[in-house]
Amino acid sequence: MTLTPTSLPATVGHADTAAVPAIATRELGKRYGRSWALRDCTLTLPAGRVAALVGPNGAGKTTLLHLLVGLLTPSAGEALVFGQNPATQAKSVLPRIGFVAQDHPLYKGFTVADMLMMGRRLNPHWDDAIASARLRKLAIPLDRRVGKLSGGQQAQVSLALALAKRPDLLILDEPVASLDPLARRDFLRTLSSAVEEQGVTVLLSSHIIADLEQVCDYLIILAESQERLSGAIPAIQGAHRLITGPRGDAATLAGIAAHATVIEEHQTLRQTTLLARLHDEMQPPNLPMPWQITEAPLEEIVLAYLGQPLPAESPSADEEMSAPTTYTTTTEDIR
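Residues numbered from 1 in each chain as written. Predicted model: local features only at pLDDT ≥ 70, side-chain atom pairs only at ≥ 80, totals over all residues. Heavy atoms only, no water.

*Asks:* If you had to explain the overall build of the protein chain to someone new, which residues and values would you point to?
*Replies:* Within the protein chain one finds ten helices and 18 strands. Counting all 335 residues of the protein chain, 48% fall into the buried class. Taking all contacts inside the protein chain whose residues are at least 6 apart in sequence as the whole, residues at least 24 apart take part in 72%. Just so you have it, the protein chain exposes about 16,200 Å², and 51% of that area is on carbon and sulfur atoms. (Helix = DSSP H or I, 4+ residues; strand = E, 2+ residues; numbered from the N terminus. Buried < 20%, exposed > 50% of the residue type's maximum accessible area, 1.4 Å probe, protein only. Contact = heavy atoms within 4.5 Å. Areas by Shrake-Rupley, 256 points an atom, 1.4 Å probe, with all protein chains shown as cover.)

In structure tokens form, the structure reads like this:
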């Protein structure tokens, strides 16, 4: 593989930074012995967003979420939720957070009604009417034991419990990973409805880009503990293009470089395909035939950024620019 360095802004379309963000981390890290599960993670999520957290296995997503909800304490750096530290200010910040873990941890011997009763007793702002109404709408019997429910129903119960807290921030860790397509669709519809009704900020971790596009308006790409790209999804898609043309056209490639930063380049024996970020989306490169420029699907953008190796030296937390690397493959590189 051939790697060509290029500089690139780290964020796109951020909201007003004067407002207190829902989530802010600075050089956050968690270490187990000699191994870091998360290291030097700095990111921001503006309040009011429904954000997708995307990254490969081992990127530190679950560790990050557990730090945000106070299940883990940092080994380095800090995490703030609405300006408060969940590790040291748990009594004030945790009631504002709803959390749905990947394995939907519920007491399997409890009935659904028992779970609701436990929620009432443990949460000061509990709204029993919201939880009961959602479960009735989904035809989930309150007298049935949790262990007898399907995986999709257990996920819905977990979501109903989290929303009944009336949280300001809802964090979901791969909530649909084990669900079939129909259960996944129903879960996401319930989530979308709740967001509209309650106005909650959401951070949703998932590998399924198509699902995220249905409910999310904001994207955070995390790889090797580093934020690779973040911003409003329409702004991210508006700034990126897929460009295809004949291989070996150096003059056209030079013209493209004047108008865009190439994030990923792939070459076959006859064709060059670029995923590029425009310097100005109102002034895309003027390409000769047979070159073509089209809008880039969100999944292509995500995969391109995830495919980049980390820069040799990471920027400081207060720097506005990062320097990821263009990732170039050719048919000669693949054996």
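The rest of the description comes next.
*Asks:* Explain the packing of aromatic side chains to me, using residue names and the numbers behind them.
*Replies:* Any aromatic ring pair is given by two values, namely how distant the centres are and how the planes are angled relative to each other. A full pass over the atoms with the stated rule returns one aromatic pair. The ring of Tyr32 has Lys30 lying over it, and the distance from NZ or CZ to the ring centre is 5.6 Å. Sitting over the ring of Phe82, Arg96 keeps its end group 4.2 Å from the ring centre. (Phe/Tyr/Trp six-rings, centres within 6.5 Å; stacked < 30°, edge-to-face > 60°. Lys NZ or Arg CZ within 6 Å of the ring centre and 35° of its normal.)

*Asks:* Let's hear about helix 4 (residues 128-137): which residues, and what values?
*Replies:* Within helix 4, the full set of buried residues consists of Ile130, Ala131, Ser132, Arg134 and Leu135. Contacts made by the buried residues of helix 4 are with helix 3 (112-122), helix 5 (151-164) and helix 6 (181-198). Where helix 4 begins, the capping side chain belongs to Asp127, and its oxygen is found 3.2 Å from the backbone nitrogen of Ala129. Ala139 lies just past helix 4 and shows a positive phi near 60°. (Polar contact = N/O pair within 3.5 Å; in protein donor to acceptor, adjacent residues only side chain to side chain.)

*Asks:* Can you tell me about the confidence of the model for the protein chain, naming the residues and giving the values?
*Replies:* Residues with a pLDDT of 70 or more make up 87% of the protein chain, whose mean pLDDT is 86. For residues 1-10, every residue scores under 50 in pLDDT, and the model assigns this stretch 38 contacts once sequence neighbours within four places are set aside. Confidence drops under pLDDT 50 across residues 313-335; counting only partners more than four residues distant or on other chains, this segment forms 57 contacts. (pLDDT = per-residue confidence, 0-100.)

*Asks:* Give a detailed account of the sheet that holds strand 4 (residues 23-32), specifying residues and quantitative values.
*Replies:* In spatial order, the strands read 5-4-7; together these three strands make up an open sheet with antiparallel pairing. Each edge of the open sheet is held by one strand with a lone partner, namely strand 5 (35-45) and strand 7 (76-81). Averaged over neighbouring strand pairs, the angle between their axes works out to 25° when direction is ignored. Pairing between strand 4 and strand 7: five bridges, direction antiparallel. Counted as the bridge partner of Arg26 is Glu78 from strand 7. The sheet contacts of helix 1 (residues 61-68) involve strand 4, strand 5 and strand 7, and relative to strand 4 the element is tilted by about 115°. (Pairing = 2+ DSSP bridges. Axes fitted to C-alpha atoms, helices over the stretch in contact; angles between N-to-C directions.)

*Asks:* Help me get a handle on the environment of Asn286, residues and values and all.
*Replies:* For Asn286, the location among the structural elements is in the loop between strand 15 (271-278) and strand 16 (292-295). The exposure class assigned to Asn286 is exposed, which follows from its relative accessible area of 76%.

*Asks:* Tell me what's going on with the environment of Val146, and back it up with residues and numbers.
*Replies:* Tracing the sequence through the fold places Val146 in the loop between helix 4 and helix 5. The class for Val146 is buried, based on a relative accessible area of 0%. Considered as a pair, Val146 and Lys108 are 38 residues apart in the sequence and their alpha carbons are 4.8 Å apart. Among all residues touching Val146, those that are not within four sequence positions of it are Leu106, Tyr107, Lys108, Phe110, Thr111, Val112, Met115 and Gln154.

*Asks:* Go over the nonpolar core, please, and point to the residues and values.
*Replies:* Counting residues in each nonpolar core, the largest one holds 39 residues, and the members touching the most others are Leu170, Leu172, Phe187, Val202, Leu204, Cys216 and Leu219. Residues contacting Cys216, with those up to four places away along its chain left out, are Val50, Ala51, Ala52, Leu204 and Ile233. Core analysis: the second largest hydrophobic core is formed by 26 residues, Leu28, Leu43, Leu68 and Ala79 among them. (Core = buried A, V, L, I, M, F, W, Y, C linked by side-chain atoms within 4.5 Å.)

*Asks:* I'd love a proper account of the pairing of strand 10 (residues 201-205), names of residues and values included.
*Replies:* Burial within strand 10 is extensive, with five of its five residues counted as buried. Of the two faces of strand 10, the one carrying Thr201, Leu203 and Ser205 and the one carrying Val202 and Leu204 are both buried. Two elements, strand 6 (residues 50-54) and strand 10, share four bridges in a ladder whose sense is parallel. Looking at strand 10, one finds that Ala52 is bridged to Leu204. Note: strand 9 (residues 169-173) against strand 10, five bridges, orientation parallel. By the bridge assignment, Leu170 is partnered in strand 10 with Val202.

*Asks:* Can you explain the environment of Ile97? Please cite residues and give values.
*Replies:* Structurally, Ile97 can be placed in strand 8 (residues 97-100). With eleven residues separating them in the primary sequence, Ile97 and Pro86 have C-alpha atoms 9.7 Å apart. Contact partners of Ile97, with chain neighbours within four places excluded, come to Leu68, Val69, Val81, Lys165, Pro167, Leu169 and Ile171.

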